[in-house]
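# Chain and residue survey
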Amino acid sequence: IPLSWIKKYVPLKMPAREVAHRLTMAGTEIGTVKEIGNDWDTDKILVGHVLAVEPHPNADRLTIPTIDLGQGEHVTVVCGAPNLETGQKIAFAKEGSLLYNHRSGDKESLKSTKIRGVPSSGMICSEKELGLSDDHSGILVLPDTTETGTPLVEEIGDVIFDADIT
């Protein structure tokens with residue numbers, strides 16, 4: 001049960017753990033509480049807008065997108081996602097962001113690097129890198145109405161209560 005859904009019907013101002021405790025005491029046992037986005041850095045993991053996508057000069061399957069991060073900040077990175085297109089709103093992680101490494105399964109700090117000779121200081125994220133799911137087949141594409149430059153946690157962060165049916 002997403003906390004955002006509950007808040008549409010009941011005005012709540014208490015912490016998620018307190019909501020889980022009260023639901024359990026009322027007869028709906030909450031087994032686990034998953035906080036989505038609670039570890040995303042609000043100044044490093046943002047909503048970006050893909051302004052342009054250019055081919056990588058040294059790799060057929062890579063592209064070089066230019067991303068608007070709001071407030072006049074534009075960055076260019078190297079991306080290998082097959083579903084990247086100009087005009088999309090995407091989840092963007094700046095250098096220093098903590099993301100899941102799909103190879104090791106651990107969280108790691110994102111570092112600036114060169115990919116086939118092109119500098120890349122950030123990443124357009126998949127659901128797996130953000131810890132949302134195991135899907136690493138492409139980037140997470142957000143609704144067109146999502147505000148560029150907004151911290152991602154404000155757009156898709158939530159708390160999910162896993163209810164145990166007794």
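These notes cover the structure that comes with them. (Residues numbered from 1 in each chain as written. Predicted model: local features only at pLDDT ≥ 70, side-chain atom pairs only at ≥ 80, totals over all residues. Heavy atoms only, no water.)

### Some words on the overall build of the protein
A tally of helices and strands in the protein yields four helices and twelve strands. Dimensions of the protein along its principal axes, counting C-alpha atoms only, are 60 × 35 × 25 Å. For the protein, with 166 residues in total, the buried portion stands at 36%. Here the contacts in the protein between residues at least 6 apart in sequence split such that 60% fall between residues at least 24 apart. A distance of 3 Å separates the average location of the 16 positive side-chain charges in the protein from that of its 25 negative side-chain charges. (Helix = DSSP H or I, 4+ residues; strand = E, 2+ residues; numbered from the N terminus. Buried < 20%, exposed > 50% of the residue type's maximum accessible area, 1.4 Å probe, protein only. Contact = heavy atoms within 4.5 Å. Lys, Arg positive; Asp, Glu negative; His and termini not counted. Charge placed at Lys NZ, Arg CZ, Asp CG, Glu CD.)

### Digging into the pattern of salt bridges
The tally for this structure, following the rule as stated, stands at five salt bridges. Of the charged contacts, one joins Glu 35 and Arg 17 as a salt bridge, the two residues approaching to 3.6 Å between their closest N and O atoms. Pair noted here: Glu 35 is in strand β1 (residues 29–36) and Arg 17 is in helix α2 (residues 16–25), with a separation of 18 residues, a long-range link. A relative accessible area of 32% means that Glu 35 is categorised as partly exposed. (Salt bridge = Lys/Arg side-chain N within 4 Å of Asp/Glu carboxyl O.)

### Quick word on the layout of surface pockets
Each pocket or cavity is described by its volume, and for the largest pocket that value is around 710 Å³. If you trace the largest pocket, you find 28 residues lining it, with His 102, Arg 103, Leu 110, Met 123 and Glu 129 closest to the centre. For the lining of the largest pocket, the elements supplying multiple residues, two or more each, are β6 (98–100), β7 (107–109), β8 (113–115) and β10 (122–124). Looking at which element gives the most residues to the lining of the largest pocket, the answer is β10, with three residues. (1 Å grid on protein atoms, 1.4 Å probe; cavity = no way out; pocket = protein on both sides within 12 Å on 5 of 7 lines; lining within 4 Å. Points joined across faces, edges and corners; volume = space filled by probe spheres on them.)

### Let's talk about the pairing of strand β5 (residues 89–94)
Summarising burial for β5: five of the six residues are buried, a large majority. Note that strand β2 (residues 45–55) and β5 share five bridges and pair antiparallel. Within β5, the residue paired with Gly 48 across the bridge is Ile 90. For β5 and strand β11 (residues 141–142), the ladder comprises two bridges, and the chain directions are antiparallel. Paired with Lys 89 across the strands is Leu 142, a residue of β11. With three bridges joining them, β5 and β10 adopt antiparallel strand pairing. Paired with Lys 94 across the two strands is Gly 122, which belongs to β10. (Pairing = 2+ DSSP bridges.)

### Examining unusual backbone geometry
A positive phi angle is found at Gln 71, which is not glycine, with a value near 50°. Within the fold, Gln 71 resides in the loop between β3 (63–68) and β4 (74–76). Residue classification places Gln 71 among the exposed residues on the basis of a relative accessible area of 88%. Non-glycine residue Arg 116 carries a positive phi angle of around 50°. Relative to the assigned elements, Arg 116 resides in the loop between β8 and β9 (118–120). Arg 116 gets classed as exposed once you look at its relative accessible area, which sits at 54%.

### Topic: the side chain of Ser 120
Along the chain, Ser 120 turns up in strand β9. Not counting the four nearest positions on each side in its chain, Ser 120 is found in contact with Val 77, Val 78, Lys 111, Ser 112, Thr 113 and Ile 115.

### Digging into the state of the cysteines
Considering all chains together, one arrives at zero disulfides under this definition. Free of any disulfide, Cys 79 has its nearest neighbouring cysteine sulfur in Cys 125, separated by 9.7 Å. Judged by relative accessible area, Cys 79 falls into the buried class, the value being 7%. Given the relative accessible area of 0%, Cys 125 is considered buried. (Disulfide = S-S within 2.5 Å.)

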